[in-house]
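# Observations on the three-dimensional arrangement
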Amino acid sequence: MLLKIVLLSLICGLTSAEKFRYDGYALYKIIPHNEHHVQFLKDLEYNDKELDFWKSPTRVGEYVSVVAPSEKKADLRKTLEQMNIHNEVMLDSIQEAIDAQVHSRKKRSSRVIRDPVMHFEGYHTLEDINKWFQHLAEQYSNIVTLVSAGISHEGRNITGIKIARNSNRPAFFLEAGQIGADWLSPTVVCYIVDQLIRGDDPETLAASQDYEWHIFPSVNPDGFEFSDNSIRLWNKNRRPQRGNQIGVDLTRNWNSQWGVRGGSFSPAEASFIGIGPFSEPETRGLSRYIESIGHNLAAVLSFRGFGQRLIIPFAHTTEPLDNYNEMIIIGRRAMGSLAVKHDTHYLVGNSATVHDGATGVLVDWAKYRFRPPVAATFLLRDNGGWGHILPVAQVLPSCEETYDAVIAIIREAKFINVL
Ligand SMILES: *[C@@H]1O[C@H](CO)[C@@H](O)[C@H](O)[C@H]1NC(C)=O
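Note that the structure is a prediction, hence the values are computed from the model and not measured.

Criteria and thresholds
Residues numbered from 1 in each chain as written. Predicted model: local features only at pLDDT ≥ 70, side-chain atom pairs only at ≥ 80, totals over all residues. Heavy atoms only, no water. Helix = DSSP H or I, 4+ residues; strand = E, 2+ residues; numbered from the N terminus. Contact = heavy atoms within 4.5 Å. Buried < 20%, exposed > 50% of the residue type's maximum accessible area, 1.4 Å probe, protein only. Arc of directions from axis to C-beta. Near = heavy atom within 4 Å. Polar contact = N/O pair within 3.5 Å; in protein donor to acceptor, adjacent residues only side chain to side chain. Domains from an automatic or database assignment. Buried area = accessible area lost by both parts, 1.4 Å probe. Salt bridge = Lys/Arg side-chain N within 4 Å of Asp/Glu carboxyl O. Nonpolar A, V, L, I, M, F, W, Y, C, P; charged D, E, K, R; others polar. Axes fitted to C-alpha atoms, helices over the stretch in contact; angles between N-to-C directions. Parallel < 35°, antiparallel > 145°, perpendicular 65-115°, else oblique. Left-handed = near helix turned anticlockwise from the far one by under 90°. Phe/Tyr/Trp six-rings, centres within 6.5 Å; stacked < 30°, edge-to-face > 60°.

### A word on the side chain of S152
Its location among the elements puts S152 in the loop between β5 (144-151) and β6 (157-163). Filtering out sequence-adjacent residues up to four positions away, S152 remains in contact with I158, P221, D222, P281 and E282.

### Notes on helix α7 (residues 202-210)
Of the residues making up α7, those classed as buried are T204, A207 and S208. Taken around the axis of α7, the buried residues stretch over an arc of 90°, which confines them to a single face.

### Section: the site of the ligand
The environment of the ligand is formed by L146, S148, I151 and N157. The contact in question runs from an oxygen atom of the ligand to an N or O atom on the side chain of N157, over 2.3 Å. Examining the composition of the shell around the ligand, we find that three residues originate from one element, β5, more than from any other.

### Focus: the domain arrangement of the protein
What the domain assignment lists for the protein is domain 1 (24-92) and domain 2 (98-415). Distance between the C-alpha centres of domain 1 and domain 2: 28 Å. Taken together, the 11 residues of domain 1 in the interface contact 18 residues of domain 2. Counting each side, the surface lost to burial between domain 1 and domain 2 is near 1000 Å², with a carbon and sulfur contribution of 57%. Looking at the side of domain 1 facing domain 2, the largest losses of area belong to W54, R59 and Y63, adding up to 46% of the total buried there. For the pair domain 1 and domain 2, the number of links is two salt bridges. The partner of E62 in a salt bridge is R309, and the shortest N-O contact between them spans 2.8 Å. Summed over the shared surface of domain 1 and domain 2, the result is six residue pairs in polar contact (both at pLDDT 80 or more). Looking at the side of domain 1 that touches domain 2 residue by residue, the classes come out as five nonpolar, two polar and four charged.

### Observations regarding the packing of helix α6 (residues 184-198) against helix α13 (residues 395-415)
In helix packing, the relevant descriptors are the interaxial angle and the interaxial distance, both defined with respect to the helix axes. The contact between α6 and α13 brings their axes to 9 Å, and the two run at 55°. Judged on the interaxial angle alone, α13 and α6 are oblique. The hand of the α6/α13 crossing is right-handed. The residues of α13 that touch α6, namely those facing L184, T187, V188, Y191, I192, Q195 and L196, are V395, L396, S398, C399, E400, T402, Y403 and V406. Grouping the constituent residues of the contact of α6 with α13 by class yields 10 nonpolar, four polar and one charged.

### Topic: the environment of D404
As for its position among the elements, D404 is in helix α13. In contact with D404, not counting residues within four places along its chain, are S337 and K341.

### Regarding the packing of aromatic side chains
In total, this model carries 22 aromatic pairs according to the counting rule given. A ring pair is formed by Y191 and Y403, whose centres lie 6.2 Å apart and whose planes are at 75°; its orientation type is edge-to-face. Of this pair, Y191 sits in helix α6 while Y403 sits in helix α13, and the two are 212 residues apart along the sequence. Given a relative accessible area of 12%, Y191 falls into the buried group.

Shown next as structure tokens:
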């Protein structure tokens, strides 16, 4: 994945000041209808490095999304048609969709500087978030503290916010932005921050009084910036690896069944899992932060794009380990609440059943280590149509429904005495 782009950027000497353009790159949605199709698509992903699989083939009936550069388009369609594999073009040129996202941020950035009230009708930049956090720490200094999970490879502070209205309450840990290209999850958790500080409905007030909240919106700040400045669909962090390759997929670098399933051992791939668990400063720093509140953890929630899934630990097995059965009940009910406002539907289950079964994820590590009663990963909108280039009009609805889901998780967990 992305190998071609990375090679191109090396050949062309792309510096961080130049942006890679995706003109003519098309996005396809492909649905395998039998095992033969699934295997064919798996082989295609493995062998054809010019195709960028946003969503890998997993099982019959489960869609696959793939980006193809213009010179590969005709070829891909012909192959799929020969194989009788259903496919549709979701976007003929993904560059236009990317431009729309970037444009929304430019417009809003200037407003944020004048007006420290954060807006959620578009995506945020790292600068927007940092400025807003500073503002919150000054304006609400009685309940808000800025915290840090260390420093990224390129020297950026991995900044979080702690919201505590009362002392000695159990902790909720929320994290977003492990994937650089994912601009949605940082904005969504900022919305949660905004609600917990300024919201005044009874359930929001109870949530912010009953727990202390530790929220990190952008835990891969180098990848996020690089996605903004150079290669929009960059997944990994930015630390050089062997063979002139750069970056590790942080979502697979955690010390929980690391490297057992999913992800790549090759540093050239977008899903490179690293040379060992916690090989990266970002995962090490964040894991230390989680350790520092580990004895007090009520919940660990991880947010990223995309797929509309609520993933319950653990990824390496379909066994209902720990309080899996209770979490499934809580998750299904909470996803019912999520659907109320915008009719968005999530699947709930372990990764092997409803997603890709990739191990080495943050929530599994935290669940195993500290046994927080509530632990889950949100794969946010959408269901593969737009992926990380989700249109701006869907940002606020995503924020609203996800917030409803978090509040519902608390409600349902209390209802069955998990919290
Ligand atoms: C990182 O940010 C935190 C919170 O604002 C701050 O306390 C800390 O001094 C910063 N660390 C560095 C090295 O800049």
